[in-house]
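Survey of secondary and tertiary structure
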Amino acid sequence: MNPVRKKRLILVVILLGGFAVAVTLALVVFQQNINLFYSPAEIEEGEAPVDRRIRAGGLVEDDSVIRDPESLLVRFSITDMKGSVPVEYTGILPDLFREGQGVVAMGTMDDDGVFTADQVLAKHDEEYMPPEVAEALERAGKLKTGDESHYASDEGGEGYGYDDEGADDDGDDESSY
């Protein structure tokens, strides 16, 4: 083989090998940092991985919020009306958090089927629901397009920091997500 061709071949092989290593490293990093969304029904069916960071969302079940008086530990359940998942969270909950409210929690599932959240996000106002939560409720047959009956009632809503007419009227399309 011609020495010039041999050098070109070696250079091409080294470049392709370096590119393959870079792509492999990028894929490994992305896979470790991805937070997949699971509905309560999917989690109940065992589709969610154990001890891996995921997002779970749904409505906070009525009469499920239990606060530990000695600490910031809060236990509650989220539902998509097909399944229900117990959640444990230690920390200060968002002002918009309440029973019947749409939430997305980020954390890990344990072997006992309890979702340990390290972050809880509450929906922004009565008109907005995270797309993943809305899709899970639609699949469960509990949310219909244009149907607002799945939203929490306004009873007892004072003090939760939301405005019935739209909490964000400055046009910047911000939300609490």
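The rules behind each value
Residues numbered from 1 in each chain as written. Predicted model: local features only at pLDDT ≥ 70, side-chain atom pairs only at ≥ 80, totals over all residues. Heavy atoms only, no water. Core = buried A, V, L, I, M, F, W, Y, C linked by side-chain atoms within 4.5 Å. Buried < 20%, exposed > 50% of the residue type's maximum accessible area, 1.4 Å probe, protein only. Helix = DSSP H or I, 4+ residues; strand = E, 2+ residues; numbered from the N terminus. Contact = heavy atoms within 4.5 Å. Polar contact = N/O pair within 3.5 Å; in protein donor to acceptor, adjacent residues only side chain to side chain. pLDDT = per-residue confidence, 0-100.

Quick notes on the nonpolar core
Ranked by internal contacts, the top residues of the largest apolar core, which has 22 residues, are Ile43, Phe76, Phe115 and Val120. At the level of secondary structure, the elements contributing two or more residues to this core comprise strand E2 (54-60), strand E4 (73-79), strand E5 (84-90), strand E6 (102-109) and strand E7 (115-122). Here this core takes four residues from E7, the largest share from any one element. In contact with Val120, not counting residues within four places along its chain, are Phe76, Tyr89, Leu93, Pro94, Phe97, Val103, Val104 and Ala105. Judged by nonpolar contacts, the second largest core, of five residues, contains Phe37, Leu59, Val104 and Leu137.

Some remarks on the side chain of Gln101
Looking at the element boundaries, Gln101 is found in the loop between E5 and E6. On the accessibility criterion, Gln101 (2% relative accessible area) is buried. A polar side-chain atom of Gln101 sits 3.1 Å from a polar atom in the side chain of Arg98.

A closer look at the confidence of the model for the protein
Parts of the prediction with low pLDDT should not have their coordinates interpreted in detail. Scored by pLDDT, the protein has a mean of 78; 75% of the residues are at 70 or more. Confidence drops under a pLDDT of 50 for residues 147-177, and excluding neighbours within four residues, the segment shows 50 contacts in the predicted structure.

Some details on the environment of Gly102
Mapped onto the elements of the fold, Gly102 is located in strand E6. Placed 42 residues apart in sequence, Gly102 and Val60 show a C-alpha to C-alpha distance of 6.4 Å.

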